[in-house]
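Next come the chains, spelled out residue by residue.
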Amino acid sequence: MSYHYVVTAHKPTNVTHAVVGNFTAPNDVNLIVCKSTRLELHTLIDERLQQVLDVPIFGRVATLQLWKPAGEKCELLFLTTERYQFCVLAFDPSTHELVTRANGDLHDRVGRPVEFGQIAIIDASCRLIGLRLYDGLLKLIPVGPAASGSASATGSRGGGSGLREAFNVRLEELAVIDLCFLHCAGPPTLAVLYQDAKEARNVKTYEVLVRDRQLAEGPWSEQHVEGGASILIPVPLPFGGVLIVGEQSITHHTGSNYVSVQMRPTLVRAYAKVDEDGRRWLLGDDRGQLSVLLLHTTPGSPANVTGLQLQPLGISSAPSALCYLDAGLLFVGSSYGDSHLLRLKGPDSAANGAGSSSMELTDLSGGERAVVEELFEVVETFPNLGPIQDFCVVDPEKSGQGQVVCCSGAYKDGSLRVMRNGIGIDEHASVELAGIKGLWALRPSSDAVHDSLLILSFLDETRVLSLSGDELEEAALPGFEASSKTLLCANLTGDLLVQVCTHCVCLVLCDGPRSRDIWRPPVGRAISVAAADGTDVVVALSSPPELVLLRASSTDGLQQIACAPLENEASCIALSNPTYGRSTTATSGGARVLAVGLWSRMDLLLLALPSLATVAAEPLRAEVMARSLLFATLGGSSYLLCGLGDGHVLSWLFDGKPTGTAPSLRERKSVPLGAQPMQLTSFCCNGERHVFCASDRPTVISASAYKLLYANVNVGETGHMAPFSSAAFPDALAFTSEAGLSIGGMDNIQKLHVRTVDLNEHPRRITHDEASRCFAVC
């Protein structure tokens, strides 16, 4: 039997709804953004949006409204889903979580679902909630004192919500375009924009008689409004009435008086209120053009609207939602392009046409193109991958890790998005140095917090780079062999530095620095590999193969403690319980062990220190030899990691027994990470220990819930890596490649990295030709 494993690689990014209000606290300005099946709660702090919550919703959100019933300190959130479920949500400041005040089912046994989407409206006095879910019906939910039992709809839970039993009323109009509750002092009044049998569009008002559960004729109606009318915007008192937004005009109608303003043909998609009294409104159309609509009044009669003025502001993404936050900040949520947080050049500037930079726009009031002032600036951008029309999977670097190239966006916001899963590296600096054979970072003392030196090993020399401020400059390190290839550099306990070359081991005091001691192998023998940690330095000699243990101290220098012959040359060695040269205890209990990988032998040897006696042998069960070994504590467990010559990484749980008992390796696992030999290096990021695998496909190993996790790193082929944390760049990493040396910071977590290629038109299909490395887009 086969199974399909489905996982979400990236959360929804298209903004379908957005509302602004006081949700978390009475004085907080909160932006609630709905992205299909998720709710994001943001708080405006210092003109920036700070995310508070990101909550999944079981269903696709169809409507979203904020409202404040009588007796509530903060606003509540009312939403419905496409499957006719609803809920009322509130924010609990004690737990910083959302709590459900009410929920239920809005299904009716009979009825034809509306064709153009659900509509939810709430009376300005929060007395009534209206829902258009089925043609010819309007579902009304009265709001009053909280009931103790079942409240609003079939199967609902409404205790403490203030929602009463819902009921349906018949609407004579079947083809309803939009509807809203008007701001008025009397009973709830409903305005309906509909299309009649002759395809003419009209506006009609009704009074809602809650006690009688029916609709009565309203105070006014208007026949034959503009044929492209699609939105009704209720205007607060003292102006009152409604704005009827069409394709070529906008009309303010109060029943007894109306005024209009003409505009070039367009489709207004979203609007936002600027002033509490409704004097200014922001509009956004399908071409992304933002405009401000002003209601003009006479000085002696401020409640009498005498004219409308429409002023263009500039072009942004085509909006699906607009929210005016505060102090000139506007959120533009889009389903077709990236969403933006904009700063207007002051609402007064928007009204009067003042600004600082100019751009070419289409004037909405008619006429030819004109140069107008751009009245906003982008504060923050929120990328959006949707809607995705087509995609292809490519591997241009032949690294084995596919990239997804998508046709994203629509109309003028169309683009190509190149997506790759993994950990990103933010490059801080780079140096062109070819031929680097080894890389290590050193601290100025054993317990120093930051690194200050980078040691670069070449074929026949060693260079030292010193960090001065935020600049790297070449320096000389007394006591180091600069004319030889370096096999290993490390900090040792007691403010010591060690350099291992092919013909000597150099011990350097950090105080100065100055040379303390030099150990040389017997004449005619060379050092092939080495490991150092704490006070121990282990070197592997050739011709014949042998291991030598040296003990380092500032008083006695380098003392040879033990030696042991080997059957074959050592390919790699590693010390357990690493302290990373700090004056602390080892990271795990048990006696220290040396792991040795051999050429021409497919197993690992575990040797006890300081005797160098073999205590265990572990078969590799592989076809190639070990090239790198590393002991690391990840997620509270000790591991022995082995990088093979074919790009595989083997891992064992390491059980370091107390002195006198043989250590053991268990739970062997093999993971293919690349096609070239692996170099394993431990590093720390945000207080957590990780392992970097340098190869043709760099990978970071971490642990979670007692499992090893492997994350691709979005950099090219890497030869060596060394952690290089400084005051200017905390937790930075240094990399070597064929091009040279790079220093950068690593992302905190694995995520989907997206690169945007703007097209400014609507892409629909894409294909890739591997031979020419070209994409065809139409």
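Not measured: the values here are computed from a predicted model.

## Here we look at the overall build of the protein
Turning to step 1, where the next piece is worked out: Scanning the protein from N- to C-terminus turns up one helix and 65 strands.
Turning to step 2, where the next piece is worked out: Relative to a compact globule of 778 residues, whose C-alpha radius of gyration would be 28 Å, the protein shows 35 Å and is clearly more extended.
Turning to step 3, where the next piece is worked out: Expressed along its principal axes, the backbone C-alpha trace of the protein runs to roughly 110 × 60 × 50 Å.
Turning to step 4, where the next piece is worked out: Summed over all atoms, the accessible surface of the protein reaches about 35000 Å², with 49% contributed by carbon and sulfur.
Turning to step 5, where the next piece is worked out: Counting 61 positive and 83 negative side-chain charges, the protein places the averaged centre of each group 5 Å from the other.

## Considerations on unusual backbone geometry
Turning to step 1, where the next piece is worked out: Residue L237 is joined to P238 through a cis peptide bond whose omega torsion reads 15 degrees.
Turning to step 2, where the next piece is worked out: Along the chain, the position of P238 falls in the loop between β18 (231–234) and β19 (242–245).
Turning to step 3, where the next piece is worked out: Going from G512 to P513, the amide bond is cis rather than trans, its omega being -10 degrees.
Turning to step 4, where the next piece is worked out: With respect to the element layout, P513 can be found in the loop between β42 (505–509) and β43 (514–519).
Turning to step 5, where the next piece is worked out: Not every positive phi belongs to a glycine, and C126 is a case in point at roughly 55 degrees.
Turning to step 6, where the next piece is worked out: Assignment of secondary structure puts C126 in the loop between β9 (119–122) and β10 (128–132).
Turning to step 7, where the next piece is worked out: For C126, a relative accessible area of 12% translates into the label buried.
Turning to step 8, where the next piece is worked out: Phi is positive for D495, which is not a glycine, with a value near 55 degrees.
Turning to step 9, where the next piece is worked out: Overall, the relative accessible area of 37% leaves D495 in the partly exposed class.

## What about the pairing of strand β58 (residues 699–704)?
Turning to step 1, where the next piece is worked out: As paired elements, strand β57 (residues 688–694) and β58 share three bridges and run antiparallel to each other. Its bridge partner being in β58, V691 is matched across the sheet by I701.
Turning to step 2, where the next piece is worked out: The turn linking β57 back onto β58 is made up of four residues.
Turning to step 3, where the next piece is worked out: Sheet topology note: the β58/strand β59 (residues 707–712) ladder contains six bridges and is antiparallel. Looking at β59, one finds that I701 is bridged to Y710.
Turning to step 4, where the next piece is worked out: Between β58 and β59, which follow one another and run antiparallel, lie two residues, and A705 among them has a positive phi close to 55 degrees.

## Considerations on a nonpolar patch on the surface
Turning to step 1, where the next piece is worked out: Taken together, the side chains of I388, F391 and V393 make up a nonpolar region of the molecular surface, amounting to roughly 300 Å² of accessible area.
Turning to step 2, where the next piece is worked out: With respect to the element layout, V393 can be found in strand β32 (residues 390–394).
Turning to step 3, where the next piece is worked out: Relative accessible area serves as the criterion here: at 58%, V393 is assigned to the exposed category.

## Concerning the pairing of strand β26 (residues 321–324)
Turning to step 1, where the next piece is worked out: By the alternation rule, side chains of β26 split into A321 and C323 and L322 and Y324, which are all buried.
Turning to step 2, where the next piece is worked out: Pairing geometry for β26 and strand β27 (residues 329–333), over four bridges, is antiparallel. Within β27, the residue paired with A321 across the bridge is G333.
Turning to step 3, where the next piece is worked out: Linkage of β26 to β27, two consecutive antiparallel strands, is achieved through a turn of four residues, within which A327 is found at a positive phi near 55 degrees.

## Concerning the sheet that holds β19
Turning to step 1, where the next piece is worked out: With respect to topology, four strands assemble into an open sheet ordered β18-β19-β20-β21, the strand pairing being antiparallel. Both outer strands of the open sheet, β18 and β21 (258–262), are each paired with one neighbouring strand and no more. Between one strand and the next, the sheet's axes are offset by a mean angle of 20 degrees, whatever the strand orientation.
Turning to step 2, where the next piece is worked out: In this sheet, strand β20 (residues 249–253) lies alongside β19 in antiparallel orientation, the contact comprising four bridges. Within the sheet, the bridge partner assigned to V245 lies in β20 and is I250.

## Here we look at the sheet that holds strand β24 (residues 289–298)
Turning to step 1, where the next piece is worked out: As summarised here, the arrangement of the four strands in space is β22-β23-β24-β25, forming an open sheet in which the pairing is antiparallel. Whereas interior strands pair on both sides, the edge strands pair on one side only; in this sheet they are β22 (268–273) and β25 (301–315). For this sheet, the mean angle separating the axes of adjacent strands, direction not counted, is 25 degrees.

## Quick notes on the side chain of H252
Turning to step 1, where the next piece is worked out: Note on placement: H252 falls in strand β20.
Turning to step 2, where the next piece is worked out: A distance of 2.8 Å separates the side chain of H252 from the backbone oxygen of G240, its partner in a polar contact.
Turning to step 3, where the next piece is worked out: Those residues in contact with H252 that sit more than four places away from it in its chain are V235, F239, G240, G241, V242, L243, N257, Y258, V259, L295, V305 and L308.

## Things to note about the pattern of salt bridges
Pairing between side chains becomes possible if they bear opposite charge and their charged atoms approach one another.
Turning to step 1, where the next piece is worked out: For the structure shown, the criterion picks out 29 salt bridges.
Turning to step 2, where the next piece is worked out: Here R592 ties to D536 by a salt bridge, and the two come within 3.4 Å at their closest N and O atoms. A residue pair is termed long-range when its members are at least 10 positions apart, and R592 in the loop between β48 (570–575) and β49 (593–598) and D536 in strand β45 (residues 536–541) qualify at 56 residues. For the pair R592 and D536, one class covers both residues: buried.
Turning to step 3, where the next piece is worked out: For D603, the salt bridge identified is with R601, shortest N-O distance 2.8 Å.

## Quick word on the environment of Q679
Turning to step 1, where the next piece is worked out: Counting through the fold element by element, Q679 comes out in strand β56 (residues 679–685).
Turning to step 2, where the next piece is worked out: Taking the C-alpha atoms as reference, Q679 lies 7.6 Å from G719; in sequence the two are 40 residues apart.
Turning to step 3, where the next piece is worked out: For Q679, the contacting residues outside a window of four places in its chain are R627, S628, F692, C693, A694 and G719.

## Digging into the nonpolar core
Turning to step 1, where the next piece is worked out: Ranked by size, the top nonpolar core spans 31 residues in total, and within it V500, V505, V537 and V539 carry the most contacts.
Turning to step 2, where the next piece is worked out: Where this core is concerned, the elements lending two or more residues are β36 (438–442), β37 (453–457), β40 (486–492), β41 (496–501), β42, β44 (527–533), β45 and β46 (546–553).
Turning to step 3, where the next piece is worked out: Residues within four places of V505 in sequence aside, it is in contact with V498, Q499, V500, D517, I518, W519, I527, V537, V539, L550 and L558.
Turning to step 4, where the next piece is worked out: Of all hydrophobic cores here, the second largest spans 21 residues; its members include L76, F78, I141 and L163.

## With respect to the side chain of R132
Turning to step 1, where the next piece is worked out: Relative to the helices and strands, R132 resides in strand β10.
Turning to step 2, where the next piece is worked out: Note on R132: relative accessible area 4%, which makes it buried.
Turning to step 3, where the next piece is worked out: A polar contact is formed between the side chain of R132 and the backbone oxygen of L174, at a distance of 2.9 Å.
Turning to step 4, where the next piece is worked out: Sequence-distant contacts of R132, that is, excluding residues within four places in its chain, are made with V114, Q118, I119, L137, L138, L174, V176 and L179.

## Quick word on the state of the cysteines
The term disulfide refers to a covalent linkage connecting the sulfur atoms of a pair of cysteines.
Turning to step 1, where the next piece is worked out: The tally for this structure, following the rule as stated, stands at zero disulfides.
Turning to step 2, where the next piece is worked out: Among the cysteines around C504, which has no disulfide bond, C506 carries the closest sulfur, lying 3.7 Å off.
Turning to step 3, where the next piece is worked out: A residue is classified by how much of its surface remains accessible, and C504, at 0% relative accessible area, is buried.

## Remarks on the packing of aromatic side chains
Turning to step 1, where the next piece is worked out: A full pass over the atoms with the stated rule returns eight aromatic pairs.
Turning to step 2, where the next piece is worked out: A centroid spacing of 5.0 Å and a plane angle of 65 degrees characterise the contact between F631 and F654, whose relative ring orientation is edge-to-face. Taken together, the residues span a long stretch of sequence, with F631 in strand β52 (residues 626–634) and F654 in strand β54 (residues 648–655) at a distance of 23 residues.
Turning to step 3, where the next piece is worked out: Judged by its relative accessible area of 8%, F654 falls in the buried class.
Turning to step 4, where the next piece is worked out: Looking at R463, its charged tip hangs above the ring of F458, at a distance of 5.0 Å from the centre.

What counts, and where the lines are drawn
- Each chain carries its own residue numbering, running from 1 in the written order of its sequence.
- Confidence filtering applies because this is a predicted model: local features only for residues at pLDDT of at least 70, side-chain atom pairs given and counted only at 80 or more, and all residues used for totals across whole chains, interfaces and linings.
- Computation of side-chain values: all heavy atoms of the structure, hydrogens and water removed.
- The secondary structure listing takes helices from DSSP runs of H or I that are at least 4 residues long and strands from runs of E that are at least 2 residues long, numbered from the N terminus.
- For this measure, only C-alpha atoms enter the radius of gyration; the expected value for a globule follows 2.2 Å times N^0.38, where N is the number of residues.
- The protein chains shown are the only cover counted for residues, whose accessible areas, like all others here, come from Shrake-Rupley with a 1.4 Å probe.
- Positive charges come from Lys and Arg alone, negative charges from Asp and Glu alone, with His and the N- and C-terminal ends not counted.
- A charged residue contributes its charge at one atom only: NZ of Lys, CZ of Arg, CG of Asp or CD of Glu.
- Think of it in three bands: with a 1.4 Å probe and only protein chains considered, a residue is buried below 20% of the maximum accessible area for its type, exposed above 50%, and partly exposed in between.
- Pairing between strands requires that DSSP locate at least two bridges from one strand to the other.
- Patch definition: residues with relative accessible area over 30% and no salt bridge; like charges joined within 9 Å; nonpolar side chains (Val, Leu, Ile, Met, Phe, Trp, Tyr) joined within 5 Å.
- Take a side-chain nitrogen of Lys or Arg and a carboxyl oxygen of Asp or Glu: if they are within 4 Å of each other, that pair is a salt bridge.
- Only the contacting stretch of a helix is used when fitting its axis, a line to C-alpha atoms as for every element, and angles between N-to-C directions run 0 to 180 degrees.
- In the analysis that follows, any N or O atom pair within 3.5 Å is treated as a polar contact, provided that within protein one partner can donate a hydrogen and the other can accept it, and provided that, for residues neighboring in sequence, both atoms belong to side chains.
- Here, two residues are considered to be in contact whenever any of their heavy atoms come within 4.5 Å of each other.
- The term nonpolar core refers to a set of buried residues drawn from Ala, Val, Leu, Ile, Met, Phe, Trp, Tyr and Cys, joined through side-chain atoms within 4.5 Å.
- By disulfide we mean two sulfur atoms from cysteines, separated by a distance within 2.5 Å.
- To pair, rings of Phe, Tyr and Trp, with the six-membered ring standing in for Trp, must have centres within 6.5 Å; the planes then decide the type, stacked if under 30 degrees apart, edge-to-face if over 60, and tilted in the middle.
- Whether a charge sits over a ring comes down to the Lys NZ or Arg CZ being within 6 Å of the ring centre and within 35 degrees of the ring normal.

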